[in-house]
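Single-letter residue listing:
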Amino acid sequence: MRQPLSRELSNLLERGRDRQLRLAVTGLSQAGKTAFLTSLVNQLRHAGVEAQLDLLPAAREGRLLGAQRLNQPDLGVPRFPYDPGMAALRATPPRWPEPTRGISELRLQLRYRPAQQGWFTPDIAHLTLDLFDYPGEWLLDLPLLQHDFYSWCQAQSLHEGPHRKVLFSEWLVEAEQLDPAAEADEAKLAALADAYAQGLRRAKQAGFSDLQPGRFLLPGELDGAPVLQFFPLPELNAPKETLEALPDTSIYATLAARFRYYQQQVVRPFYRDHFRRFDRQIVLVDVLGALNAGPERFEDLSHALRQLMQSFDYGKRSLLTRLFAPKIDRLAIAATKADHVTPDQHGNVVQLLEALLAEPLKDLRFADIPVKALSLAAIRATEAREVLHEGKRTPALKGTTLEGEDVLVYPGDVPNRLPKPDFWLQQGFDFPSFRPMSVDSEALSHIRMDAAIDWLIGDKLI
């Protein structure tokens, strides 16, 4: 017991001195969360050597000496696979790090010289940074804590567009015939839950984001457990009180009980153990992927992010909140894969991101929470070019597709506001998927990772 107690006391002391930060890297599946974390660790570890961090004053001034990985804070949680990720990026040909399939964490200690020296200022100071990685699919479940089974069913019915309904048609035909008051048939419910899970998987493959329950997509150790054998009941017309008075053996009561168990025994511990104690947050958003996928998927992403951001605690930090009730006091929202469009379009990408998250941003700014929007590429996959095209100099991108083809592409213009209906009829761009660029040095090539790092932790490195 001594070592865990000693570790807890040490953490408490460091938090009291404001020398420890927990960073929430928040992103839905395929937003680039693992790539961001790999690049973040890489940039900080090489800050005093090769990393290009001109937008981070502590690095630009030569005060940031680098970072070292420390022992795990929680011995029961796997370590973030930084080394395998770097090995994939340095392979021939280079590969993207494997997507996250479970929870992992990493603790870094940053060493730097304070900007001003004084009687009580140490020559070398340190900051402990705790990083967490987790499947984006599981993140989708946090909004479930705001629901009971009845309200969740209603919420799922509200944003079912035509394309999404087609993907769930096999399940929907059977589910719409269910009588909530009928006695539950375990085999039939299991078959329908499996059909619903297949619909979620098809929707994910088609580019949709708002997919609940998230564990249906990546069940982990719960694969095959009865807790994953539930689904929303479509078109509930009876009053809530009537349905909740049905016998425990009814379809409605059986599904509601499984929903509550999932909510309380799966989602709530995940939130309690990993999401209640963050100090800073960056929300990664694949805006370009959603834009590429069409209007219904674009709106689906907006809805998912709006719901998700209501699941975090934002507020001012003080000594008491740092110690006992941490709140997120600074937030970055970042459009990832900025290298999939030419540099002249990066400003439009940021404006589009702000428009996509307009409502959550209004609430955060009303609460006086500092927020910064930016576009970035955690690990570069393309090089910007300017070529002669149809008689004029035109920005272009040079990269290698996942299939190994070297291409020169003209991605087109990104709208700087939420697209109107006629936009989707005439959109003429396409954002292909690229391999990461070959790693020629210890530090990874990036776009604006230094700006993100400065916003998230730069004020602690002075």
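Before any of the text, the structure's been laid out above.
Since the structure is predicted, the reported quantities are computational estimates derived from the model, not experimental observations. (Residues numbered from 1 in each chain as written. Predicted model: local features only at pLDDT ≥ 70, side-chain atom pairs only at ≥ 80, totals over all residues. Heavy atoms only, no water.)

K.L.:
What's the story with the side chain of His446 in this structure? I'm lost.
P.N.:
Relative to the assigned elements, His446 resides in the loop between α17 (421-426) and α18 (449-457). Of the polar contacts made by the side chain of His446, one reaches the backbone oxygen of Gln52; its length is 2.8 Å. There is a polar contact of 3.1 Å between the side chain of His446 and the backbone nitrogen of Met449. If we skip the residues at most four places from it in the chain, His446 touches Gln43, Gln52, Leu53, Ala377, Ala378 and Arg380. (Helix = DSSP H or I, 4+ residues; strand = E, 2+ residues; numbered from the N terminus. Polar contact = N/O pair within 3.5 Å; in protein donor to acceptor, adjacent residues only side chain to side chain. Contact = heavy atoms within 4.5 Å.)

K.L.:
I tried to follow the pairing of strand β4 (residues 125-133) on my own but got confused; where do I start?
P.N.:
Working note: regular strand, side chains alternate between the two faces of the sheet. Burial within β4 is extensive, with eight of its nine residues counted as buried. Examined bridge by bridge, strand β1 (residues 20-27) and β4 share four bridges and lie parallel to one another. Looking across to β4, one finds that Arg22 is bridged to Asp130. In this structure, strand β3 (residues 104-112) lies alongside β4, joined through nine bridges in antiparallel fashion. Directly across from Ser104, in β4, lies its bridge partner Asp133. (Buried < 20%, exposed > 50% of the residue type's maximum accessible area, 1.4 Å probe, protein only. Pairing = 2+ DSSP bridges.)

K.L.:
What's the story with the pattern of salt bridges in this structure? I'm lost.
P.N.:
Once the charged atoms of two side chains with opposite charge are near each other, the side chains can pair. For the structure shown, the criterion picks out 18 salt bridges. Residues Arg385 and Glu383 are paired through a salt bridge, measuring 3.0 Å at the closest nitrogen-oxygen approach. (Salt bridge = Lys/Arg side-chain N within 4 Å of Asp/Glu carboxyl O.)

K.L.:
Would you mind showing me how to read the nonpolar core here?
P.N.:
Inside soluble globular proteins, nonpolar side chains tend to come together where they are buried. Counting 87 residues, the largest nonpolar core has Phe231 and Leu233 as its most contacted members. Among the elements that take part in this core, helix α11 (residues 251-274) stands out by supplying 10 residues, more than any other. Look past the residues within four positions of Phe231 in its chain and what remains in contact with it is Phe149, Trp152, Trp171, Leu178, Leu189, Leu192, Ala193, Tyr196 and Leu255. Of all hydrophobic cores here, the second largest spans 48 residues; its members include Val25, Leu56, Phe80 and Leu108. (Core = buried A, V, L, I, M, F, W, Y, C linked by side-chain atoms within 4.5 Å.)

K.L.:
Before we go on, may I ask you to explain the sheet that holds strand β10 (residues 406-409) in this structure?
P.N.:
Remark on secondary structure: sheet strands pair via backbone hydrogen bonds, oriented parallel or antiparallel. Read from one edge to the other, the open sheet built from three strands follows the order β8-β9-β10, with strand pairing classed as antiparallel. The two strands at the open ends of the sheet, each matched to only one other strand, are β8 (382-389) and β10. Ignoring strand direction, the axes of neighbouring strands in this sheet form an average angle of 35°. (Axes fitted to C-alpha atoms, helices over the stretch in contact; angles between N-to-C directions.)

K.L.:
Before we go on, may I ask you to explain the sheet that holds strand β6 (residues 330-335) in this structure?
P.N.:
Spatially, seven strands are ordered β2-β3-β4-β1-β5-β6-β7 in an open sheet, and the strand pairing comes out mixed. In this open sheet, the two strands that pair with only one neighbour each are β2 (64-69) and β7 (371-375). When the angles between neighbouring strand axes are averaged without regard to direction, this sheet yields 20°. As paired strands, β1 and strand β5 (residues 280-285) are joined by five bridges and run parallel to one another. Opposite Gly27, over in β5, you have Leu284 as the bridge partner. Relative to the sheet, helix α2 (residues 33-45) contacts β1, β2, β3, β4 and β5, its axis offset from that of β4 by approximately 165°. Docked against the sheet, α18 engages β1, β3, β4, β5, β6 and β7, running at close to 150° with respect to β5.

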